[in-house]
Amino acid sequence: MKITCIGAGYVGGPTMAMIAYKCPDIQVVVVDINAARIAAWNSEELPIYEPGLFEIVKAARGRNLFFSTDTQKHVAEGDIIFVSVNTPTKTRGVGAGKAADLTYWEGAARLIASVSTTSKIVVEKSTVPVKTAEAIEKVLRRNCADPNVAFEILSNPEFLAEGTAMEDLAKPDRVLIGGKETESGQRAIGVLKSVYEHWIPTERILCANLWSAELSKLTANAFLAQRISSINSISALCEATGADVQQVAHSIGTDSRIGPKFLNASVGFGGSCFQKDILNLVYICETVGLKTVADYWNSVVQINDYQKQRFVERMIDAMFNTISGKKIAVLGFAFKKDTGDTRETPAIDVCKGLMADNALINIYDPKVTEAQIHNDLSLGKFMWDHPTTAGTKSPRQNSVSVFKDAYEACKDSHALAVLTEWDEFKRLNYQKIYDSMMKPAFVFDGRNILDHAHLRSMGFIVYALGKPLDPFLQRNYS
Ligand code: UDX
Ligand code: ADP
């Protein structure tokens, strides 16, 4: 059997690496139109950072795992074609700001149709709006010259989270495969199931109809994001009442019906999925006339924007209502720890908010490159997933400096803000940092990872999300 995956990104790369690693009898080829990305997958410096990924790639690469730009050849030869191309939010036209842009998906479908001379199972891996399979099937059928070639579409949404992708792939809570309820649909489900059964217990492989599988992915992400927005909304109330959001989260999380995960209040959720998928869900609800349902899910995104804005306002207010010309050290730019990914990271909106008030920003992140940071701060909303618009320079580049060392970033700054929960930030020498900063020295902990009492004992004025406010901050906050 040969598997070909179109799209060598955060989903396609790690997922195919794991399939190849666990299934030595299957040949797996990942293709991409981005030659630089493919070259990186074939090098010692992979295009994405993911703990454990390199080891798995090394073990399988050249054996039964290959990365190639020859899309036509490998798609033609594949029995199963995974499609994990980008599905950005539309930035113009009908549904702009909400609907998914299926340009790349359609391109992949046209490619499959044009080169296929044998029947294929086409697997939706990237998140797509419900009923995409139906549209894709039409594109495949109408564009394939050979009437004897059959296409069977499956939805096999990916549930891996970045930073823990390899663990999630090796031991998933479940694998979901959606297919048509026809005989050929069920047969195709069986073929894909046999791939996963190489390492995943059968009872963890769930089968559903196509639309349920597609909708499950959007719903899973909407529920997870909703938990974060819920606890983030409570963090604002905690600050106003003197309650402690971590105590509240712990108390409710011990209720087995609620559970302890995804209750960390933060400066906001980021990542390529949550906002995009919820907006997609909102758009689908609107198009079928469910306005109240659309509003409900949209409020999850609104709370997220509110949380980022609130954080910026706290900083400005604490620092005597002016941050103009003040240096602010930003520790962490990635959307979460253990990844260099910055897609929809809350750091972008926080930095833009601070820049709007004329602050000077010193950024340090262990894994994000300087070019990436400048690029992110120069792009408009939703533009990150449209490759043609990437790469422009920040108009305010002078106000942003990127450092390779946390201590250097903090030197002579008025405040430091923790925006990503990297473990190394817990281990910094804060006395050394305090001594190098302007006074009063502020800490704004957007992830609640630091030892606040210890910082206060050194003289820092500390703001921690959802925690009782320092008397100093209470006086200033209006
Ligand atoms: C998410 C889903 O978890 C995954 O199943 C899906 O396939 C893709 O989207 P990912 O975006 O990689 O994965 O990261 P996730 O761990 O879900 O975190 C998303 C964001 O929420 C991050 O910015 C993270 O910092 C934030 N978060 C998470 C919180 O603010 N609080 C929490 O308690 C948990
Ligand atoms: P994800 O996080 O979902 O994996 P990425 O943006 O990281 O998304 O990866 C998607 C990849 O798909 C990109 O590397 C892009 O170049 C690739 N891609 C998009 N369209 C095509 C296509 N028609 N053929 C091959 N690769 C494609």
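Residues numbered from 1 in each chain as written. Chains lettered and ligands numbered in written order. Predicted model: local features only at pLDDT ≥ 70, side-chain atom pairs only at ≥ 80, totals over all residues. Heavy atoms only, no water.

> Let's hear about the site of ligand 1: which residues, and what values?
Around ligand 1, 20 residues are found, and the nearest of them are Phe 159, Glu 162, Ser 266, Lys 336 and Arg 447. Backbone polar atom of Asn 264 to an oxygen atom of ligand 1: 2.9 Å apart, as the coordinates give it. Here Phe 335 contributes a backbone N or O atom positioned 2.7 Å from an oxygen atom of ligand 1. Across the complex, the protein chains shield 91% of the 660 Å² of accessible surface that ligand 1 would expose by itself. Looking at the shell around ligand 1, its residues break down into eleven nonpolar, four polar and five charged. (Near = heavy atom within 4 Å. Polar contact = N/O pair within 3.5 Å; in protein donor to acceptor, adjacent residues only side chain to side chain. Areas by Shrake-Rupley, 256 points an atom, 1.4 Å probe, with all protein chains shown as cover. Nonpolar A, V, L, I, M, F, W, Y, C, P; charged D, E, K, R; others polar.)

> Describe helix α10 (residues 245–253), listing the residues and the values that go with them.
Among all positions in α10, only Val 245, Ala 249 and Gly 253 are buried. For α10, the angular spread of buried residues about the axis comes to 65 degrees, placing them on one side. Among the exposed residues of α10, those pointing more than 90 degrees away from its buried face are Gln 247 and His 250. Against the buried residues of α10 lie α9 (210–241). (Buried < 20%, exposed > 50% of the residue type's maximum accessible area, 1.4 Å probe, protein only. Helix = DSSP H or I, 4+ residues; strand = E, 2+ residues; numbered from the N terminus. Arc of directions from axis to C-beta. Contact = heavy atoms within 4.5 Å.)

> Report on the domain arrangement of the protein chain, specifying residues and quantitative values.
Under the domain assignment, the protein chain is made up of domain 1 (2–200) and domain 2 (222–477). For domain 1 versus domain 2, the distance between C-alpha centres works out to 33 Å. Across the contact, 23 residues belong to domain 1 and 24 residues belong to domain 2. Carbon and sulfur atoms supply 55% of the area that domain 1 and domain 2 bury against each other, a total of about 2000 Å² over both sides. The largest per-residue losses of area from domain 1 upon contact with domain 2 belong to Tyr 49, Lys 98 and Glu 162, which jointly make up 33% of the total buried on that side. Linking domain 1 with domain 2 are two salt bridges, by the criterion used here. Lys 98 is paired through a salt bridge with Glu 286; the nearest N and O atoms lie 3.0 Å apart. Connecting domain 1 to domain 2 are five residue pairs in polar contact (both at pLDDT 80 or more). Taken together, the residues of the side of domain 1 that touches domain 2 break down into twelve nonpolar, eight polar and three charged. (Domains from an automatic or database assignment. Buried area = accessible area lost by both parts, 1.4 Å probe. Salt bridge = Lys/Arg side-chain N within 4 Å of Asp/Glu carboxyl O.)

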